[in-house]
Amino acid sequence: WLLLVIIEIWSMEWINATEAKTRFGDILARAFQEVVGIMKSGHNVAVIMSKNEYDRLVSIEDAYWGMKAKEAESSGFLSTENSMNLLKELNDSGQ
């Protein structure tokens, strides 16, 4: 599923910010059908997408982090004491 998201973003059309500003209504209507990329000064700076697409991406991200949490849970946890010692070490080292 992650590969599909990357392909979708990579293959979307990018338009410049000036065009997006002058055709905002058209761009917004198009965003209901597909993700639209916005460029400024030759750099990709933003995307416009439907709320449904945003919700879909959030649910994919939630599933990913849920999977990572289960992996972490199955590998075990640090004790409270070990966690506190690790945090103290990181704090003392300035990281």
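Refer to the structure printed above.
Residues numbered from 1 in each chain as written. Predicted model: local features only at pLDDT ≥ 70, side-chain atom pairs only at ≥ 80, totals over all residues. Heavy atoms only, no water.

Chemist: Mind showing me how you'd approach the nonpolar core here?
Modeler: In summary, soluble globular proteins display a tendency toward joint burial of nonpolar side chains. Membership of the largest hydrophobic core is limited to 7 residues, which are I15, A20, I27, A31, V36, I38 and I48. Elements supplying a minimum of two residues to this core: α3 (24-31) and β2 (36-40). When neighbours within four sequence positions are excluded, A31 is seen to be in contact with V36, I48, M49 and S50. (Core = buried A, V, L, I, M, F, W, Y, C linked by side-chain atoms within 4.5 Å. Buried < 20%, exposed > 50% of the residue type's maximum accessible area, 1.4 Å probe, protein only. Helix = DSSP H or I, 4+ residues; strand = E, 2+ residues; numbered from the N terminus. Contact = heavy atoms within 4.5 Å.)

Chemist: So what exactly am I meant to see when it comes to a nonpolar patch on the surface here?
Modeler: Residues L78, M84, L86, L87 and L90 make up a contiguous nonpolar surface patch of roughly 460 Å² in combined accessible area. Within the secondary structure, L87 is located in helix α5 (residues 80-93). (Patch = residues over 30% accessible without salt bridge, like charges linked within 9 Å, V, L, I, M, F, W, Y side chains within 5 Å. Areas by Shrake-Rupley, 256 points an atom, 1.4 Å probe, with all protein chains shown as cover. Salt bridge = Lys/Arg side-chain N within 4 Å of Asp/Glu carboxyl O.)

Chemist: Can you help me understand the packing of aromatic side chains in this one?
Modeler: For any pair of aromatic rings, the description consists of the separation of the ring centres together with the inter-plane angle of the planes. Under the counting rule described, the total for this entry stands at 1 aromatic pair. A ring pair is formed by Y64 and W65, whose centres lie 4.9 Å apart and whose planes are at 75°; its orientation type is edge-to-face. Owing to a relative accessible area of 29%, Y64 belongs among the partly exposed residues under this scheme. (Phe/Tyr/Trp six-rings, centres within 6.5 Å; stacked < 30°, edge-to-face > 60°.)

Chemist: So what exactly am I meant to see when it comes to helix α4 (residues 51-75) here?
Modeler: Residues three or four positions apart in an α-helix share a direction because the helix packs 3.6 residues into each turn. Compared with the 36 Å implied by 1.5 Å per residue over 25 residues, the 36 Å span of α4 between its first and last C-alpha is a close match. Phi for G76, located one or two positions after α4, is positive at around 100°. (Expected span 1.5 Å × (residues − 1).)

Chemist: Where do I start with the sheet that holds β2 in this structure?
Modeler: Strands in a sheet are paired, the pairing made by backbone hydrogen bonds, and the direction either parallel or antiparallel. Reading across the sheet, the 3 strands line up as β1-β2-β3 and stay open at both edges, with mixed pairing between neighbours. On the outer flanks of this sheet lie β1 (14-16) and β3 (43-48), each paired with one strand and no other. Across the sheet, the mean angle separating the axes of adjacent strands is 35° when strand polarity is ignored. Strand direction decides the pairing type here: β1 and β2, joined by 3 bridges, are parallel. Looking across to β2, one finds that I15 is bridged to I38. (Pairing = 2+ DSSP bridges. Axes fitted to C-alpha atoms, helices over the stretch in contact; angles between N-to-C directions.)

Chemist: Whenever I open this one, the pairing of β3 confuses me. Can you help?
Modeler: Remember that side chains alternate between the two faces of the sheet whenever the strand is regular. Note: β2 against β3, 5 bridges, orientation antiparallel. Paired with G37 across the bridge in β3 is V47. As consecutive antiparallel partners, β2 and β3 are separated by 2 residues, and within that stretch S41 has a phi angle of approximately 55°, a positive value.

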